[in-house]
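The chain contents come next:
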Amino acid sequence: MGSRRTRGIATGAVLLGLWGCTGEPSGSERSSQPDQWDEGVALPLPEDLNPDPHVLEVNLEARVATVEIRPGVLTEAWTYDGGVPGPLLRAQRGDRLIVHFTNHLPEPTLVHWHGIQLDNGMDGTAAVQEPVQPGESFTYDFVLPDAGTFWYHPHANSSAQVGYGLYGPLIVDDPADPIDVEDVVLVFSDMSLDEAGQLRPGDDDGWFGDYFGREGAALLVNGKTQPRLRVRAGLPQRWRLINASRARFLELEVPGAAVQRVAGDVGLIERAETLETLRLVTSERGEILVTLPGSAEGEMDALYRDPDRFRLGVRQPDVPLMQLDVLPRQGEWSPRLPDPLRSLPPLDLAGAKHRHVELGEMNVDGLVHLSINGEVHQEDADGHHHHETSHVAYVGDTEVWEVVNTTGYDHPFHLHGFAFEVLDVGGEPWPVRELKDSVNVPARETVRFAVTYDDRPGLWMFHCHILDHAGLGMMAVLEVRPASERP
Ligand code: C2O
Ligand code: CU
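> Explain the layout of surface pockets here, please?
Regions of empty space are outlined by a rolling probe, equal in size to a water molecule, passed over the atoms. Of the pockets and cavities examined, the second largest pocket occupies roughly 470 Å³. Around the second largest pocket, the lining comprises 20 residues; the ones closest to its centre are Arg 279, Glu 284, Trp 430, Pro 431 and Asn 440. When its residues are assigned to classes, the lining of the second largest pocket shows nine nonpolar, three polar and eight charged.

Structure below.
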């Protein structure tokens, strides 16, 4: 952990001190990951312009640039700072992030900080700011209140822009993080390329593309097809995964490895979970500890398993996603995870209000569109959107949202601005307590989650994070009003 961190204070020494209270490392000698173990996937860190250790201040440019997606083939992609994904923004909980953003794309854009519980004006949607026109700049400036694995992406013409390569990771470290395991950030995405390796149009296949949700055939980890990662046998790595694809779900398997999930969308989960595969719908994050058996050696693959998004009951064959070069084990060490990993305050739903949200289909001019409570959200070519406030809440309220999917396929549901706790999916209790901002609502099922609005009034969007579905109208705005306006 922290090998490339610019300003981390979570040094091994400090954390080993913490281990003293929570359990001794098992085994005698603690080994480490091989030299340059993550160089095949390492992402650039931007220059921090601010001397204050608690302020990360950077410039960020959206521009068309040439990148190498397929080995040896140059692709003109849309990028943040010339890379796909964009630079790794990494700070600590409580730090302030200042991003001087400039748009050099041929169309307007906005930057949304997915999962950050920030002030409404900095949320980067057309509900709260004018789209940033080509050649223009906007400064985003906000505090990072929660530790976890987050990301940033456009919120204008978002399916096309994300599909062209605009997304990047935002990691917020907790100085008291109890998991002292070397970590790596892995952004999963896909891209639609033609035979010459160039981007296919973002509106490829027209309405059908929107309706199904476009999936690119090139599967990428940190912008590369099948990059390599070096792994020490018998020693855990902490993988911080982000599903940044427009529509594709991720199901990841590391054959033979022990996999424990320790964190989700917004920080650590209450208790570590043992998994066979890690499933992340679009925009979800997951942190897993991956340990290969001490006897492992040579080369192996981390696999993409077909997540069967349309519930056809048939899976396409597995696809190698990342190559693991396994180095011989050196001693034995495994972390003793504190139990619980994180203490969440008890959920108090006594006075909670209920909100009913229905995800559905609607006919508009002879074509099926997607709707929320019977309304189809519209955005014009400039990225402006027209909202009617039909969803109102008040600061201080706790609500239970009941999100009903009336369609025959899944919708990953995302609420801006406020983390929630999922109560149940199709009546089945959520297996572990954790804070989330995105949750899959399976075909014809209902998801219930609880959310409390702290004092950040404003216009917060919620939508399906299959970005083509959002574009077809499955998007709406929640107006959170100050408590003083409560009727
Ligand atoms: Cu990650 Cu409104 O989105
Ligand atoms: Cu959807």
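> Please explain the nonpolar core as it appears in this structure.
It is characteristic of soluble globular proteins that their nonpolar side chains tend to be buried jointly. Judged by nonpolar contacts, the single largest core of 89 residues is most densely connected at Trp 113 and Trp 401. Broken down by element, the residue count for this core peaks at five residues, all from strand 1 (residues 55-68). Setting aside its immediate chain neighbours within four residues, Trp 401 contacts Arg 355, Val 357, Phe 413, Leu 415, Val 447, Arg 448, Phe 449, Val 451, Tyr 453, Phe 462 and Leu 478. One finds Leu 219, Leu 250, Ile 288 and Val 326 within the second-largest nonpolar core, a separate group that totals 31 residues.

> Please clarify how the sheet that holds strand 18 (residues 298-304) should be interpreted in this entry.
Two pairing modes exist for strands in a sheet, parallel and antiparallel, and in both the strands are linked by backbone hydrogen bonds. The strand order across the open sheet formed by five strands is 11-19-18-13-16, and the pairing between neighbours is mixed. Two strands in the sheet have a free side with no partner beyond their single neighbour: strand 11 (228-232) and strand 16 (278-280). When the angles between neighbouring strand axes are averaged without regard to direction, this sheet yields 30 degrees. Where strand 13 (residues 250-253) lies against strand 16, three bridges are found, and the strand directions are antiparallel. By the bridge assignment for strand 16, Leu 252 is matched with Leu 278.

> Just to check I follow, could you spell out the packing of aromatic side chains for this structure?
By convention here, two paired aromatic rings are described through the distance between centres and the angle between planes. Tallied over the full model, the rule gives 21 aromatic pairs. On the numbers, 5.2 Å between centres and 70 degrees between planes, the contact of Trp 207 with Phe 208 is edge-to-face. Relative accessible area serves as the criterion here: at 52%, Phe 208 is assigned to the exposed category. Centre to centre, the rings of Phe 212 and Phe 310 are 5.9 Å apart; their planes meet at 75 degrees, and the pair counts as edge-to-face. Here Phe 212, found in helix 3 (residues 206-212), pairs with Phe 310, found in the loop between strand 18 and strand 19 (319-327); they are 98 residues apart in sequence, far enough to count as distant. Look at Phe 310 and you get partly exposed, because its relative accessible area is 30%. Here the aromatic cluster, defined as three or more aromatic residues joined through ring pairs, consists of Tyr 80, Phe 101, Trp 113, Phe 138, Tyr 140, Phe 142 and Tyr 152. Taking NZ or CZ as reference, Arg 355 lies 5.4 Å from the ring centre of Trp 401, over its face.

> How do you make sense of the pairing of strand 13 when you look at a structure like this?
The two faces of the sheet receive side chains in turn, since in a regular strand these alternate between them. Two strands pair when backbone bridges link them, and strand 13 and strand 18 are joined in this way by two bridges, in the antiparallel orientation. By the bridge assignment, Leu 252 is partnered in strand 18 with Tyr 304.

> Help me out: how do you make sense of the coordination of the copper ion (ligand 2) in this one?
A metal bound by six donors in octahedral fashion has ideal angles of 90 or 180 degrees, whereas one bound by four tetrahedral donors has an ideal angle of 109.5 degrees. His 411 (ND1), Cys 464 (SG) and His 469 (ND1) make up the full set of protein donors to the copper ion (ligand 2), lying at 2.0 to 2.1 Å. Its relative accessible area of 0% is what places His 411 among the buried residues. A residue is classified by how much of its surface remains accessible, and His 469, at 0% relative accessible area, is buried.

> Just to check I follow, could you spell out the confidence of the model for the protein chain for this structure?
Mean pLDDT over the protein chain works out to 92, with 92% of the residues at or above the 70 mark. Note that pLDDT drops below 50 for residues 1-28; the model gives that stretch 59 contacts with residues more than four away or on any other chain.

> Can you walk me through the sheet that holds strand 32 (residues 475-481) in this structure?
Ordered by their spatial adjacency, five strands build an open sheet running 24-32-31-26-29, and the pairing between neighbours is mixed. The two strands at the open ends of the sheet, each matched to only one other strand, are strand 24 (392-394) and strand 29 (438-441). Direction aside, neighbouring strands of the sheet carry axes that sit 25 degrees apart on average.

> Please explain the pairing of strand 10 (residues 218-221) as it appears in this structure.
Neither face of strand 10 is open: one carries Ala 218 and Leu 220, the other Leu 219 and Val 221, and all of them are buried. The pairing of strand 9 (residues 183-191) with strand 10 spans four bridges and is classified as antiparallel. The partner of Ser 189 across the bridge, within strand 10, is Leu 220.

> Help me understand the environment of Asn 363, please; the structure alone is not making it clear to me.
By secondary structure assignment, the location of Asn 363 is in strand 20 (residues 353-364). Measuring from C-alpha to C-alpha, the distance between Asn 363 and Val 376 comes to 9.6 Å, with 13 residues separating the pair along the chain. Within the local environment of Asn 363, its side chain forms a polar contact with the backbone nitrogen of Leu 367, the two atoms lying 3.4 Å apart.

Conventions and cut-offs
- Residues numbered from 1 in each chain as written.
- Chains lettered and ligands numbered in written order.
- Predicted model: local features only at pLDDT ≥ 70, side-chain atom pairs only at ≥ 80, totals over all residues.
- Heavy atoms only, no water.
- 1 Å grid on protein atoms, 1.4 Å probe; cavity = no way out; pocket = protein on both sides within 12 Å on 5 of 7 lines; lining within 4 Å.
- Points joined across faces, edges and corners; volume = space filled by probe spheres on them.
- Nonpolar A, V, L, I, M, F, W, Y, C, P; charged D, E, K, R; others polar.
- Core = buried A, V, L, I, M, F, W, Y, C linked by side-chain atoms within 4.5 Å.
- Buried < 20%, exposed > 50% of the residue type's maximum accessible area, 1.4 Å probe, protein only.
- Helix = DSSP H or I, 4+ residues; strand = E, 2+ residues; numbered from the N terminus.
- Contact = heavy atoms within 4.5 Å.
- Pairing = 2+ DSSP bridges.
- Axes fitted to C-alpha atoms, helices over the stretch in contact; angles between N-to-C directions.
- Phe/Tyr/Trp six-rings, centres within 6.5 Å; stacked < 30°, edge-to-face > 60°.
- Lys NZ or Arg CZ within 6 Å of the ring centre and 35° of its normal.
- Donors = N, O, S within 2.8 Å, 3.2 Å for Na, K, Ca; no water.
- pLDDT = per-residue confidence, 0-100.
- Polar contact = N/O pair within 3.5 Å; in protein donor to acceptor, adjacent residues only side chain to side chain.

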